[in-house]
Amino acid sequence: MASNVSMHASGDGEQAAEKVKKRPPIPPSLAAMISGIEGDEALVVYLDESFVAKDHVAESVRTGTVAYALENSERAAALISANVREEVIRRQEALLGEVEAVGALEKEVALVSDGVGNLSDATEKLVKSLSDPFQPMQDAVTKLENLHETCEVLCK
């Protein structure tokens, strides 16, 4: 793997440590998008891991091939752009499918949420139906306890 190396001189004339920049390898997911370039000898230079745009431009100016290099870079950009468009269109159906699935899940969540709300309402009604008949009995027991205490106080 080639690298772009630049040297820096320190104030006392000694050279500083080399600064190395490495371009990461092209991920497999992007390989399909650049497939049109690999087959063209004039464009494959852009895929080389040692490719540095600044150096490429300088070399084109030095050798007088600016027009040729510009044409090749425009052709490479057009190929990549077309491949990206195709990839977006290809994945559009999958994305739309996922959106539809999310919509269906949202409907299911709404149904479950409604069911939980209905269950909560039913539980409240059940608690009320059990506590309502008990309340008069509780009131009667409280009156009886009060009467009993009153009787005890009067007996003393």
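These figures come from a predicted structure and were not determined experimentally.

Q: I'd like to hear about the overall build of the protein chain, residue by residue, with values.
A: Scanning the protein chain for helices and strands turns up four helices and two strands. Scored against the burial criterion, the 156 residues of the protein chain give a buried share of 8%. Excluding contacts between residues fewer than 6 apart, the proportion of contacts in the protein chain whose partners are at least 24 apart in sequence is 50%. When the accessible surface of the protein chain is totalled, it reaches about 12600 Å², and 62% of it is carbon and sulfur.

Q: How would you explain the side chain of Asn72 if you had to name every residue and give the values?
A: Turning to its location among the elements, Asn72 is positioned in helix 4 (residues 66–155). Apart from the residues lying within four places of it in its own chain, the contact partners of Asn72 are Ala42, Leu43 and Tyr46.

Q: So what's going on with the state of the cysteines? Which residues, and what values?
A: Counted according to the given criterion, the structure contains zero disulfides. A disulfide-free cysteine, Cys151 has its sulfur positioned 6.3 Å from the sulfur of Cys155, the nearest such atom. Judged by its relative accessible area of 44%, Cys151 falls in the partly exposed class. Given a relative accessible area of 69%, Cys155 falls into the exposed group.

Q: Any chance you could break down the confidence of the model for the protein chain for me, citing the residues and the numbers?
A: Counting all residues, the mean pLDDT for the protein chain is 78, and 78% of those residues have values of 70 or more. The weakest mean pLDDT in the protein chain belongs to strand 1 (residues 4–6) at 38; the strongest belongs to helix 4 at 89. In the model, residues 1–20 has pLDDT below 50 throughout and makes 25 contacts with residues more than four positions away in sequence or in other chains.

Q: An account of the pattern of salt bridges is needed here, citing residue identities and associated values.
A: In the structure shown here, the tally under the stated rule is four salt bridges. The closest approach of N and O atoms between Arg62 and Glu59, which form a salt bridge, is 2.4 Å. With a gap of three residues between them, Arg62 and Glu59 both fall in helix 3 (residues 53–63), about one helical turn apart. Look at Glu59 and you get partly exposed, because its relative accessible area is 37%. Between Glu87 and Arg90 there is a salt bridge whose closest N-O contact spans 2.5 Å. With Glu87 and Arg90 both in helix 4 and three residues apart, the pair spans about one turn of that helix. What emerges from the salt-bridge pattern is a single network uniting Glu87, Arg90 and Arg91.

Conventions and cut-offs
Residues numbered from 1 in each chain as written. Predicted model: local features only at pLDDT ≥ 70, side-chain atom pairs only at ≥ 80, totals over all residues. Heavy atoms only, no water. Helix = DSSP H or I, 4+ residues; strand = E, 2+ residues; numbered from the N terminus. Buried < 20%, exposed > 50% of the residue type's maximum accessible area, 1.4 Å probe, protein only. Contact = heavy atoms within 4.5 Å. Areas by Shrake-Rupley, 256 points an atom, 1.4 Å probe, with all protein chains shown as cover. Disulfide = S-S within 2.5 Å. pLDDT = per-residue confidence, 0-100. Salt bridge = Lys/Arg side-chain N within 4 Å of Asp/Glu carboxyl O.

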